[in-house]
Amino acid sequence: MEELKNSFPFEIRNVEGTDNKELSKYFLGAGNFNIQVGPKKYLLMSDYKGDADNIYNMPLRQDDIFVVTYPRSGTTWTQELVWLLASGLDYSTAVKVPLSSRSIFLEFPMLMHQNIVEHLMKEHAEKPENLKTFQLMRTPGSEQVARMPSPRFIRTHLPLSLLPPTLLDSTKVVYVARDPRDVAVSYYHLSSEFKSYNFNGDFKTYWSLFVRDLVYWSPFFEHLKEAWEMRHHPNMMFLFYEELLQDLPTTVQRVADFLGKEYTADQIKELCTHLKFENFKKNPSVGIDNLKEYGMMAPKGEFIRKGKSGGWRDYFDDEMTREAQRWIDNNLHNTDIQFPTVQ
Ligand code: A3P
């Protein structure tokens, strides 16, 4: 029997006018490849267009586990945590097989846009094996995950509304949120170092784009609210990055309970040691050294960077601090969302 397909319900528009001028001025890597999706105007890159419908309609498996986040919210940390809990704490595989292969980044191919591919093709003309890898990286995410053996671990920054409507009825989802001021600082560093963005500006400029939803996968608060609304669904676990930081063992135990996995206190302790920032930062299996080798990330770039909460204070002057508070208050008005604060 032919499967019923939902047609993709959202309009996809090229970003135009001053917004596009500003985006191409500062995101040198992404240039004009900017689109906005649906009424909330999620900012993505043009290559998403070709896979939008397939992602929205991707066949799900009952044992899939999705980690869904706005960028720089603790995705990688949570992916490793979820993978290990769901894989019998198989550290030997976790060390051997890179996290990016164990847990696929669904819409990563949109970051491999024409600009960066042309640049990489030139740089790697003498290394055909790398050229092949770049082509593979461009394979639509929906195709990559269709080929994965079960259980599948899928990472995405897409908001719930752009994922299959039956997602939560079929699979488990861990959503991680983080204080947007720390997200912006972390994202600013990544955007300046990762060639697909190649952000060329200071933090103040980045922040002004961030609050106007002109940073990829924004609007931040719409993303968050979509997940928050579903937080009581039995297949949804809504976590804050700050909860992981404040009390890793208790939060790890909550995730284990959510996944229906039982481990001893000693096993949880060992997992926390594995996930501890100092160890995590040194773990090549969760890092992105390959992106540096390919020249997609600046040599000094750090994917696992500081691992702190509240570091934003070093980047915001008084006026920005007040503006940020106003922006947060305006967006959280009429919601019961509260970011846990870490001293
Ligand atoms: P900072 O840049 O503030 O340090 P993502 O994986 O979603 O891109 O999130 C990256 C952020 O999570 C970075 O924040 C990174 O340092 C932090 N992070 C990654 N692993 C961590 C860990 N084990 N402990 C604490 N923070 C971690």
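See above for the structure.
Bear in mind the structure is a predicted one, so any value in this text is a computation, not a measurement.

The secondary structure content of the protein amounts to 18 helices and eight strands. Overall, the C-alpha framework of the protein stretches about 55 × 50 × 45 Å when taken along its three principal axes. The contacts of the protein with a sequence gap of at least 6 include a subset with a gap of at least 24, amounting to 77%. Entry remark: accessible area of the protein is about 16,100 Å², with carbon and sulfur atoms responsible for 49%. A distance of 3 Å separates the average location of the 40 positive side-chain charges in the protein from that of its 46 negative side-chain charges.

On to the packing of aromatic side chains, then. Tallied over the full model, the rule gives 39 aromatic pairs. An angle of 75° between the planes, with centres 5.1 Å apart, marks the rings of Tyr70 and Phe220 as edge-to-face. One end of the pair, Tyr70, is in the loop between strand S4 (65–69) and helix H3 (75–86); the other, Phe220, is in helix H12 (residues 220–229), and 150 residues separate them in sequence. Exposure remark for Tyr70: the relative accessible area of 1% places this residue in the buried category. Summarising the aromatic geometry, the rings of Trp312 and Phe316 are spaced 5.2 Å apart at their centres and angled 80° between planes, so their arrangement reads as edge-to-face. Per residue, the accessibility class of Trp312 equals that of Phe316, and both read buried. Directly above the aromatic system of Phe258 lies the positively charged group of Lys172, at a separation of 5.2 Å from the ring centroid. Seen from the ring of Tyr241, Arg178 lies directly overhead, with NZ or CZ sitting 3.9 Å from the centre.

Once that is clear, we can look at the sheet that holds strand S2 (residues 34–37). Sheet strands pair by backbone hydrogen bonding; their relative direction is either parallel or antiparallel. One open sheet accounts for three strands, arranged S1-S2-S3; its pairing is antiparallel. Here the strands that pair on one side only, and so sit at the sheet edges, are strand S1 (12–14) and strand S3 (42–45). Taken pair by pair, the neighbouring strands of this sheet meet at an average axis angle of 35°, ignoring direction. Pairing between S1 and S2: three bridges, direction antiparallel. Paired with Arg13 across the strands is Gln36, a residue of S2.

Another aspect to go through is the pattern of salt bridges. As enumerated under the stated definition, the model contains twelve salt bridges in all. A salt bridge links Glu22 to Arg212; the shortest N-O distance between them is 2.9 Å. Within this pair, whereas Glu22 is found in helix H1 (residues 17–26), its partner Arg212 is found in the loop between helix H11 (203–211) and H12, the two being separated by 190 residues in sequence. Classification of Arg212 as partly exposed rests on a relative accessible area of 39%. Note that Asp179 and Arg181 form a salt bridge whose closest N and O atoms lie 2.8 Å from each other. For the pair shown, Asp179 and Arg181 are each scored as buried.

For the rest of this paragraph, the subject is the pairing of S4. A large share of S4 lies buried, amounting to five of its five residues. Side chains Ile65, Val67 and Thr69 of S4 all project onto a buried face; the interleaved residues Phe66 and Val68 project onto the opposite face, where all are buried too. Pairing geometry for S4 and strand S6 (residues 153–156), over four bridges, is parallel. Looking at S6, one finds that Phe66 is bridged to Ile154. Where S4 and strand S7 (residues 172–177) come together, five bridges link them in parallel fashion. Bridge pairing in S7 links Thr69 to Val176.

Another point: the site of the ligand. The immediate surroundings of the ligand are formed by 17 residues, with Thr75, Thr76, Ser186, Arg305 and Lys306 found nearest. Contact between the ligand and Arg178: an oxygen atom at 2.9 Å from a side-chain N or O atom of the residue. Backbone polar atom of Gly307 to an oxygen atom of the ligand: 2.8 Å apart, as the coordinates give it. Look at the ligand: alone it shows 570 Å² of surface, and the protein chains cover 98% of it. Listed by contribution, the elements that provide at least two residues to the shell around the ligand are H3 and helix H16 (277–282).

Let us look at H3. In an α-helix, one full turn covers 3.6 residues, which means residues spaced three or four apart are oriented alike. Here H3 is twelve residues long and its end C-alpha atoms lie 16 Å apart, about the 16 Å a rise of 1.5 Å per residue gives. Among the twelve residues of H3, twelve are classified as buried, and the element is accordingly described as predominantly covered. Listed in full, the buried residues belonging to H3 are Thr75, Thr76, Trp77, Thr78, Gln79, Glu80, Leu81, Val82, Trp83, Leu84, Leu85 and Ala86. Taken from the residues just after H3, Gly88 is the one with a positive phi, measuring 60°.

Right, let's talk about the sheet that holds strand S5 (residues 104–105) for a bit. The strand order across the open sheet built from five strands is S5-S6-S4-S7-S8, with neighbouring strands paired in parallel fashion. Two strands lie at the open edges of the sheet, namely S5 and strand S8 (236–240), each paired on one side alone. For S5 and S6, the ladder comprises two bridges, and the chain directions are parallel. Counted as the bridge partner of Ile104 is Ile154 from S6. Where H3 meets the sheet, its contacts fall on S4, S6 and S7, and the angle it forms with S4 comes to roughly 165°. Together, S4, S7 and S8 form the strand contacts of helix H14 (residues 248–259), whose direction differs from that of S8 by roughly 170°.

What counts and what doesn't
- Residues numbered from 1 in each chain as written.
- Predicted model: local features only at pLDDT ≥ 70, side-chain atom pairs only at ≥ 80, totals over all residues.
- Heavy atoms only, no water.
- Helix = DSSP H or I, 4+ residues; strand = E, 2+ residues; numbered from the N terminus.
- Contact = heavy atoms within 4.5 Å.
- Areas by Shrake-Rupley, 256 points an atom, 1.4 Å probe, with all protein chains shown as cover.
- Lys, Arg positive; Asp, Glu negative; His and termini not counted.
- Charge placed at Lys NZ, Arg CZ, Asp CG, Glu CD.
- Phe/Tyr/Trp six-rings, centres within 6.5 Å; stacked < 30°, edge-to-face > 60°.
- Buried < 20%, exposed > 50% of the residue type's maximum accessible area, 1.4 Å probe, protein only.
- Lys NZ or Arg CZ within 6 Å of the ring centre and 35° of its normal.
- Pairing = 2+ DSSP bridges.
- Axes fitted to C-alpha atoms, helices over the stretch in contact; angles between N-to-C directions.
- Salt bridge = Lys/Arg side-chain N within 4 Å of Asp/Glu carboxyl O.
- Near = heavy atom within 4 Å.
- Polar contact = N/O pair within 3.5 Å; in protein donor to acceptor, adjacent residues only side chain to side chain.
- Expected span 1.5 Å × (residues − 1).

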